[in-house]
Amino acid sequence: MSNLARKIQEEKQFDIQTQPVQAPKKLSKKSWLSPGEKILGLAFTGIVCFGAVQMVSNQAAIYEVNKEIQQTEEAIQTQNKVNTDLKMQVGELSTYERIKEKAEEMGLKFSGNNVKVVED
């Protein structure tokens, strides 16, 4: 080999030895979602969660209203029963015989001439 060829060969070896070994470059993983898609996904998830919470709270409110309605209906039925019982007592207490008996207990005397019939 000639001197020139030897010099070039030595320079190549020197360059190869003196070059620092470079760390392999890290390949950045590309996300399959863009940042805009991620934001849209988060917004959609938030809206769905908010809607679910609203539906559950509305159902709870409806349940409470139905419970109050049932309690009110039960109270109405109880009061109607009491009213019916009181009407029966009024009917029993307003019989002619009972009124006559109470009048005699209070010292009133029955006289057929003084009785007047009043109709409603």
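So, how was this worked out
- Going along each chain's sequence as written, the residues are numbered from 1 onward.
- Since the coordinates come from a predicted model, pLDDT governs what is reported: local features require at least 70, and pairs of side-chain atoms require 80 or more to be given and counted, while whole-chain, interface and lining totals use all residues.
- Side-chain measures were taken over the full set of non-hydrogen atoms in the model, leaving aside hydrogen atoms and water.
- Only runs of H or I of at least four residues qualify as helices and only runs of E of at least two qualify as strands under DSSP, and these elements are numbered from the N terminus.
- Burial classification: accessible surface area is computed with a 1.4 Å probe over protein chains only, and a residue below 20% of its type maximum counts as buried, one above 50% as exposed, and the rest as partly exposed.
- For every accessible area listed, the method is Shrake-Rupley and the probe measures 1.4 Å; residues are considered covered only by the protein chains on display.
- Take a side-chain nitrogen of Lys or Arg and a carboxyl oxygen of Asp or Glu: if they are within 4 Å of each other, that pair is a salt bridge.
- pLDDT measures how confident the predictor is about each residue, on a scale from 0 to 100.

Digging into the overall build of the protein chain
Step number 1: Summing up its helical and strand segments, the protein chain has three helices and zero strands in all.
Step number 2: Reading the helices (α) and strands (β) of the protein chain from amino to carboxyl end gives α-α-α.
Step number 3: Split into buried and exposed, the 120 residues of the protein chain put 0% on the buried side.
Step number 4: For the protein chain, the exposed area adds up to about 12,300 Å²; of that, 60% sits on carbon and sulfur atoms.

Details of the pattern of salt bridges
Step number 1: What the rule picks out here adds up to one salt bridge.
Step number 2: A salt bridge links E105 to K102, with the shortest nitrogen-to-oxygen separation between them at 3.9 Å. Of this pair, E105 and K102 both sit in helix α3 (residues 96-105), three residues apart, which is roughly one turn of the helix.
Step number 3: On the accessibility criterion, K102 (37% relative accessible area) is partly exposed.

A short note on the confidence of the model for the protein chain
Step number 1: Model confidence for the protein chain is summarised by a mean pLDDT of 85, while 83% of its residues fall at 70 or above.
Step number 2: Element-level pLDDT for the protein chain is lowest in helix α1 (residues 3-18), with a mean of 69, against a maximum mean of 97 in helix α2 (residues 35-93).

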